[in-house]
Amino acid sequence: MAYFLTAGLVLAATGAALGMTVDHHNKMDHHSGPVAVKYRGDVVITHKQVGAVTPTGAASSLRCDWAATMAVTRHAVAASGTRLVRTIDTDPVATGTRAGWCMTSHRAITREVAGKAAHMQRHLIVLAQDDEQMLRVELDRIHGSQGAG
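All of these numbers come straight from a predicted model, not from anything done at the bench. (Residues numbered from 1 in each chain as written. Predicted model: local features only at pLDDT ≥ 70, side-chain atom pairs only at ≥ 80, totals over all residues. Heavy atoms only, no water.)

Engineer: Even after reading the chapter, I still don't get the overall build of the chain, so can you show me in this structure?
Structural biologist: Counting secondary structure elements, the chain contains three helices and five strands. The 149 residues of the chain split such that 31% are buried. For the chain, the exposed surface amounts to about 8,900 Å²; the carbon and sulfur share of it is 56%. (Helix = DSSP H or I, 4+ residues; strand = E, 2+ residues; numbered from the N terminus. Buried < 20%, exposed > 50% of the residue type's maximum accessible area, 1.4 Å probe, protein only. Areas by Shrake-Rupley, 256 points an atom, 1.4 Å probe, with all protein chains shown as cover.)

Engineer: How should I be thinking about the side chain of Ser105 in this particular structure?
Structural biologist: Its location among the elements puts Ser105 in helix α2 (residues 102-114). Classification of Ser105 by relative accessible area gives buried; the value is 7%. Within the structure, Ser105 has its side chain in polar contact with the backbone oxygen of Trp101 (distance 3.2 Å). The residues touching Ser105, leaving out its near neighbours within four places in the chain, are Arg98 and Ala99. (Polar contact = N/O pair within 3.5 Å; in protein donor to acceptor, adjacent residues only side chain to side chain. Contact = heavy atoms within 4.5 Å.)

Engineer: Can you help me understand the pairing of strand β3 (residues 63-78) in this one?
Structural biologist: The side chains of a regular strand alternate between both faces of the sheet. Pairing geometry for strand β2 (residues 35-50) and β3, over 16 bridges, is antiparallel. The partner of Arg40 across the bridge, within β3, is Thr73. Sheet analysis places β3 next to strand β5 (residues 94-99), joined by six bridges and oriented antiparallel. Following the sheet pairing, Cys64 is matched in β5 by Arg98. Taken together, the six bridges between β3 and strand β4 (residues 83-88) define a ladder with antiparallel strand orientation. Residue pairing in the sheet places Val72 in a bridge with Ile88 of β4. Between the antiparallel neighbours β3 and β4 lie four residues, among them Gly81 with a positive phi of about 95°. (Pairing = 2+ DSSP bridges.)

Engineer: So what exactly am I meant to see when it comes to the pattern of salt bridges here?
Structural biologist: When the charged atoms of two side chains lie near each other, side chains of opposite charge can form a pair. If you walk through the whole model with that rule in mind, you get eight salt bridges. Of the charged contacts, one joins Asp131 and Arg74 as a salt bridge, the two residues approaching to 2.8 Å between their closest N and O atoms. One end of the pair, Asp131, is in helix α3 (residues 117-143); the other, Arg74, is in strand β3, and 57 residues separate them in sequence. Arg74 shares its class with Asp131; the two are buried. Of the charged contacts in the structure, one is a salt bridge between Arg86 and Asp131, with a shortest N-O distance of 2.2 Å. Taken together, the residues span a long stretch of sequence, with Arg86 in strand β4 and Asp131 in helix α3 at a distance of 45 residues. (Salt bridge = Lys/Arg side-chain N within 4 Å of Asp/Glu carboxyl O.)

Engineer: What is the right way to look at α2 in this model?
Structural biologist: The periodicity of an α-helix, 3.6 residues per turn, causes residues three or four places apart in sequence to face the same way. With 13 residues, α2 should reach 18 Å at 1.5 Å per residue; the first-to-last C-alpha distance of 17 Å fits that figure. At Ala108, α2 shows its maximal kink, close to 35°. Buried within α2 are the following residues: Cys102, Ser105, Ala108, Ile109 and Val113. (Expected span 1.5 Å × (residues − 1). Bend = angle between axes of the 7 residues up to and from the residue.)

Engineer: How do you make sense of the confidence of the model for the chain when you look at a structure like this?
Structural biologist: Of all residues in the chain, 85% have pLDDT values of 70 or greater, and the mean over the chain is 85. When the elements of the chain are averaged for pLDDT, helix α1 (residues 2-12) gives the smallest value, 37, and β2 the largest, 96. Counted against residues more than four places away or in other chains, residues 1-14, with its pLDDT under 50, gives 17 contacts. (pLDDT = per-residue confidence, 0-100.)

Engineer: Where do I start with the environment of Val85 in this structure?
Structural biologist: The topology assignment puts Val85 in strand β4. For Val85, a relative accessible area of 55% gives the class exposed. Considering only alpha carbons, one finds Val85 and Tyr39, 46 residues apart in sequence, at a separation of 9.8 Å. In this structure Val85 touches Thr73, Arg74 and His75, once residues within four positions along its chain are discounted.

See the structure below:
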């Protein structure tokens, strides 16, 4: 029993990169020239073991709570050659719970998250739209807020 409790505590803090990425490419007009922008979201799943093992015959409360987040990096290249990189924190794009041990649910959770790729793509596009103003501010700081001429 102590072994299972220790394993559960270790799993509670685990986060595993899924190996799944979501990309979005965009071109933005700026007075300094066109800007090529790429957003890359690396999907990370965290697991939290909750509940306890119960004696035979009693209902178990053991479950695995999980959340998938995207670690998003924005790479922008301005016409001048200026490169702007920014990391953007996101809220979980998918969450869930499964009965039993997290260790035995990893594959099923991974499949479930992979099935939400279209949702994650839409989330990344919205995030990119929200980031456009921040990118303009950064470019204006570097190139000035007025166009030439």
